[in-house]
Amino acid sequence: MTNRRQAITALAAASLAAPGMSWAQAAPTRIVVPFAAGGPIDVTARVLAEAVKGSLGTVIVENRPGAGGNIGVSAVAKAPADGLTLGIATTASHGINPWLFKQLPYDPAKDFAAITQMLRVPNVLVMNAETATRLNINTVADLIAYGKANPGKLNYGSGGNGSAGHLAGELFKNQAGIFAVHIPYNGGNPAQLGLLSGQVDFNFDNLATAAANIRSGKLKALAMTTRQRSSVMPDVPTVAATLPGFDIDTWWGLIAPAGTPAETVRKLNAAFNAALNSPDVKARFAQLLAEPAPSTPEQFDDFMKRERAKYERMVKLSGAQVD
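What counts as what
- Residues numbered from 1 in each chain as written.
- Predicted model: local features only at pLDDT ≥ 70, side-chain atom pairs only at ≥ 80, totals over all residues.
- Heavy atoms only, no water.
- Buried < 20%, exposed > 50% of the residue type's maximum accessible area, 1.4 Å probe, protein only.
- Helix = DSSP H or I, 4+ residues; strand = E, 2+ residues; numbered from the N terminus.
- Pairing = 2+ DSSP bridges.
- Salt bridge = Lys/Arg side-chain N within 4 Å of Asp/Glu carboxyl O.
- Phe/Tyr/Trp six-rings, centres within 6.5 Å; stacked < 30°, edge-to-face > 60°.
- pLDDT = per-residue confidence, 0-100.
- Contact = heavy atoms within 4.5 Å.

## Quick notes on the pairing of strand 4 (residues 112-128)
Successive side chains on a regular strand alternate, one facing one side of the sheet and the next facing the other. Counted residue by residue, strand 4 has 16 buried out of 17 residues, so it is predominantly covered. Bridging between strand 4 and strand 7 (residues 202-206) involves 5 bridges; their strand directions are antiparallel. Pairing of Val124 across the sheet is with Asp205, part of strand 7.

## What about the pattern of salt bridges?
Side chains bearing opposite charge may pair, as long as their charged atoms lie close to each other. Following the criterion strictly, the structure yields 12 salt bridges and no others. Note that Lys173 and Glu170 form a salt bridge whose closest N and O atoms lie 3.1 Å from each other. Taken as a pair, Lys173 and Glu170 lie in helix 8 (residues 164-176) at a separation of 3 residues, close to a single helical turn. No difference in accessibility class separates Lys173 from Glu170, as the two residues are buried.

## What to know about the packing of aromatic side chains
Applying the stated criterion to the full structure yields 9 aromatic pairs. Centre to centre, the rings of Phe204 and Phe246 are 6.1 Å apart; their planes meet at 25°, and the pair counts as stacked. Here Phe204, found in strand 7, pairs with Phe246, found in the loop between strand 8 (219-224) and strand 9 (249-257); they are 42 residues apart in sequence, far enough to count as distant. By relative accessible area, which is 0% here, Phe246 ends up buried. Among the aromatic side chains, those forming a connected cluster through ring pairs are Tyr156, Phe172, Phe202, Phe204 and Phe246.

## Quick notes on the confidence of the model for the chain
For the chain, the average pLDDT comes to 90, and 92% of its residues sit at 70 or higher. Low pLDDT, under 50, characterises residues 1-22; the stretch is placed with 20 contacts to residues that sit more than four places away or in other chains.

Written out as structure tokens, the structure is:
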């Protein structure tokens, strides 16, 4: 294995140095997706893998799910820093998990080189439509007023303790000054089914997941959790319009092992940002209600630092702990 890695590293270096040779002539690039195949992170990674083949050559997507993304991300941290193994950093792996797990198999601040943010997907505060009608709740202000007038009567669901939906709910309760019972489910889909069946009153859900039920009238969208309104549903206001500073979304981006040469990072950034800015990729991402968010490596690294600081406070508010 050591000889093979050395050979691959030498080949990549030669392709960068030799005049007239394309970087695409190096060994195949691998993107490690820390979640199962078929989900939005996997889909977008495969869209980009196809989009960059002209500049990078063959790009293989490898799924390494488990432990909330920790297994796949850890594999990237331990890979050779030759630009041939990349990974996906997510809200969970680089924002939440550093505070949720007492011991991580990687250091999110030291073990990776940022390449570019890929996208952001707004989250949305949704209620069961029948519940909203019964309680006469049409706005975030209505929900807060009801919660204050009826302490302990509201509840909300999430995909589990420490999930993004759980942390958003705790931040909302803290800023709104209300109490609502948290009901954790075993995953996002069961949490949404709990909301649709009326078992819980409200959820903080990913817009891509909730959109179909919002449009069908089964769920009522009270507000977007991002600082600005979403272009997908521009009539839905933001939570921040009622609770200033409230700003949460779902994001992911590309990373490489720490120590990857700066020139290699620059070439990867250029290739993937060109793909993210292409009309075809934008159209494919729009189907997922996702907005491409190309950035410089420095911008993405700074963004992840801010996300870690934000979620440190949110995890402490929630009291969630996995191990």
